[in-house]
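Chain by chain, the residues:
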Amino acid sequence: LLYHALSTFNCIENDGLNLYLTAAPMTSAPGIPIEDLPHIFKPFYRANNTRTYYGNGLGLSIALNIIERHHGTIECLSDAQKTVFKIILPLKSRI
């Protein structure tokens, strides 16, 4: 994730079962176009408006893999100005 070090966790909640995180990258990069959203977690995929930014398209794919291995979920909401990632991680292992 190119911008992960610049992210802020706006909301961290714990309901006893899950940990809810909302991460909003603090960057001047444009939001992710709606037509690119279904593809952003695919390895090597880069949105068309990111071609001038450094990256190889692996960050979100790796993040998804890690989150899913912990039985969590990640969702992306984006418009032209802002992108927000919502992450849910269970507090207890689902064996």
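Residues numbered from 1 in each chain as written. Predicted model: local features only at pLDDT ≥ 70, side-chain atom pairs only at ≥ 80, totals over all residues. Heavy atoms only, no water.

## Focus on the overall build of the protein
Okay, step 1: A tally of helices and strands in the protein yields one helix and four strands.
Okay, step 2: The order of helices and strands in the protein, counted from the N terminus, is β-β-α-β-β.
Okay, step 3: Counting every position in the protein, which comprises 95 residues, the buried fraction comes to 33%.
Okay, step 4: Residue pairs in contact within the protein that sit at least 24 positions apart in sequence constitute 43% of those at least 6 positions apart. (Helix = DSSP H or I, 4+ residues; strand = E, 2+ residues; numbered from the N terminus. Buried < 20%, exposed > 50% of the residue type's maximum accessible area, 1.4 Å probe, protein only. Contact = heavy atoms within 4.5 Å.)

## Considering the nonpolar core
Okay, step 1: In this structure, Leu-21, Ile-32, Leu-37, Ile-40, Phe-41, Leu-60, Leu-64, Ile-67, Ile-74, Cys-76, Phe-85 and Ile-87 together form the largest nonpolar core, which totals 12 residues.
Okay, step 2: Elements with a minimum of two residues in this core: helix H1 (59–69), strand S3 (73–78) and strand S4 (83–90).
Okay, step 3: At three residues, the largest contribution of residues to this core is made by H1.
Okay, step 4: Leaving out residues up to four positions away in the same chain, Leu-37 has contacts with Ile-32, Cys-76 and Ser-78. (Core = buried A, V, L, I, M, F, W, Y, C linked by side-chain atoms within 4.5 Å.)

## Section: the confidence of the model for the protein
Okay, step 1: Mean pLDDT over the protein stands at 79; residues scoring 70 or higher make up 80%.
Okay, step 2: When the elements of the protein are averaged for pLDDT, strand S1 (residues 7–14) gives the smallest value, 66, and H1 the largest, 93. (pLDDT = per-residue confidence, 0-100.)

## Topic: the environment of Leu-37
Okay, step 1: Considering the arrangement of structural elements, one finds Leu-37 in the loop between strand S2 (18–25) and H1.
Okay, step 2: Once the C-alpha coordinates of Leu-37 and Leu-77 are considered, the two residues, 40 residues apart in sequence, prove to be 8.2 Å apart.

## A look at the environment of Pro-30
Okay, step 1: As for its placement among the helices and strands, Pro-30 is situated in the loop between S2 and H1.
Okay, step 2: For the pair formed by Pro-30 and Asp-79, sequence separation is 49 residues and the distance between their alpha carbons is 8.6 Å.
Okay, step 3: Beyond its immediate stretch of four places on either side in the chain, Pro-30 contacts Asn-49, Tyr-53 and Ala-80.

## Observations regarding the pairing of S4
Okay, step 1: In terms of strand pairing, S3 meets S4 through six bridges, oriented antiparallel. Directly across from Ile-74, in S4, lies its bridge partner Ile-87.
Okay, step 2: Counted along the chain from S3 to the antiparallel partner S4, the turn is four residues long. (Pairing = 2+ DSSP bridges.)

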